[in-house]
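# A look at the structure
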Amino acid sequence: MSTDMDTAAEEWGRMFAAEAGVEYVPLVRRRDADVEGRSSIQFLFDRRQRFEASAVAMRLLDKDLGVAHLFVHVENWIAVEIELGNKVFEGGAE
């Protein structure tokens, strides 16, 4: 079941990726982080999109948004994951 926070996080993630020059991200999803008031955002890319995954990871690092985890997820998806405060989605700020 999708919540308003999930929708806001997905919109933020897709906009963030677009600003990194990435036209399409197959899946952007949010889950609650271990710390209250924070979310974990995953950008999932097809294996053929390794350069797009790298572009998003580098933009996250350039914007100093924390540590981006880059790894191969189940079923060979490339995942870029970051933990952010929920205020990023609520206020639209980076």
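Described below are features of the structure shown in this document. (Residues numbered from 1 in each chain as written. Predicted model: local features only at pLDDT ≥ 70, side-chain atom pairs only at ≥ 80, totals over all residues. Heavy atoms only, no water.)

For the rest of this paragraph, the subject is the packing of helix α1 (residues 4-19) against helix α2 (residues 50-62). Their axes nearest at 9 Å, the elements α1 and α2 cross at an angle of 95°. On the basis of their axis angle, the class for α1 and α2 is roughly perpendicular. Of the residues in α2, those in contact with Trp 12, Phe 16, Ala 17 and Glu 19 of α1 are Val 56, Arg 59 and Leu 60. Grouping the constituent residues of the contact of α1 with α2 by class yields five nonpolar, no polar and two charged. (Axes fitted to C-alpha atoms, helices over the stretch in contact; angles between N-to-C directions. Helix = DSSP H or I, 4+ residues; strand = E, 2+ residues; numbered from the N terminus. Parallel < 35°, antiparallel > 145°, perpendicular 65-115°, else oblique. Contact = heavy atoms within 4.5 Å. Nonpolar A, V, L, I, M, F, W, Y, C, P; charged D, E, K, R; others polar.)

For strand β3 (residues 69-73) and strand β4 (residues 77-85), the ladder comprises five bridges, and the chain directions are antiparallel. Residue pairing for β4: His 73 is matched across the bridge by Trp 77. (Pairing = 2+ DSSP bridges.)

Bringing the pattern of salt bridges into the picture now. Scanning the entire structure with this criterion turns up seven salt bridges. Of the charged contacts, one joins Asp 46 and Arg 48 as a salt bridge, the two residues approaching to 2.8 Å between their closest N and O atoms. Owing to a relative accessible area of 69%, Arg 48 belongs among the exposed residues under this scheme. Through salt bridges that share partners, Asp 6, Arg 30 and Asp 32 make up one connected network. (Salt bridge = Lys/Arg side-chain N within 4 Å of Asp/Glu carboxyl O. Buried < 20%, exposed > 50% of the residue type's maximum accessible area, 1.4 Å probe, protein only.)

Under the 1.5 Å per step criterion, the end-to-end length of α2 is 18 Å for 13 residues, consistent within 8% with the ideal 18 Å. Those residues of α2 that fall on the buried side of the exposure criterion are Ala 53, Val 56, Ala 57, Arg 59 and Leu 60. For α2, the angular spread of buried residues about the axis comes to 160°, placing them on one side. Within α2, the exposed residues directed more than 90 degrees away from the buried face are Phe 51 and Asp 62. (Expected span 1.5 Å × (residues − 1). Arc of directions from axis to C-beta.)

Topologically, Ser 39 is positioned in strand β2 (residues 38-45). In this structure Ser 39 comes out as buried when scored by relative accessible area, which is 0%. Side chain to side chain, Ser 39 and Asn 86 meet in a polar contact 2.5 Å long. Sequence-distant contacts of Ser 39, that is, excluding residues within four places in its chain, are made with Arg 30, Arg 31, Ala 33, Ile 82, Glu 83, Leu 84, Asn 86 and Phe 89. (Polar contact = N/O pair within 3.5 Å; in protein donor to acceptor, adjacent residues only side chain to side chain.)

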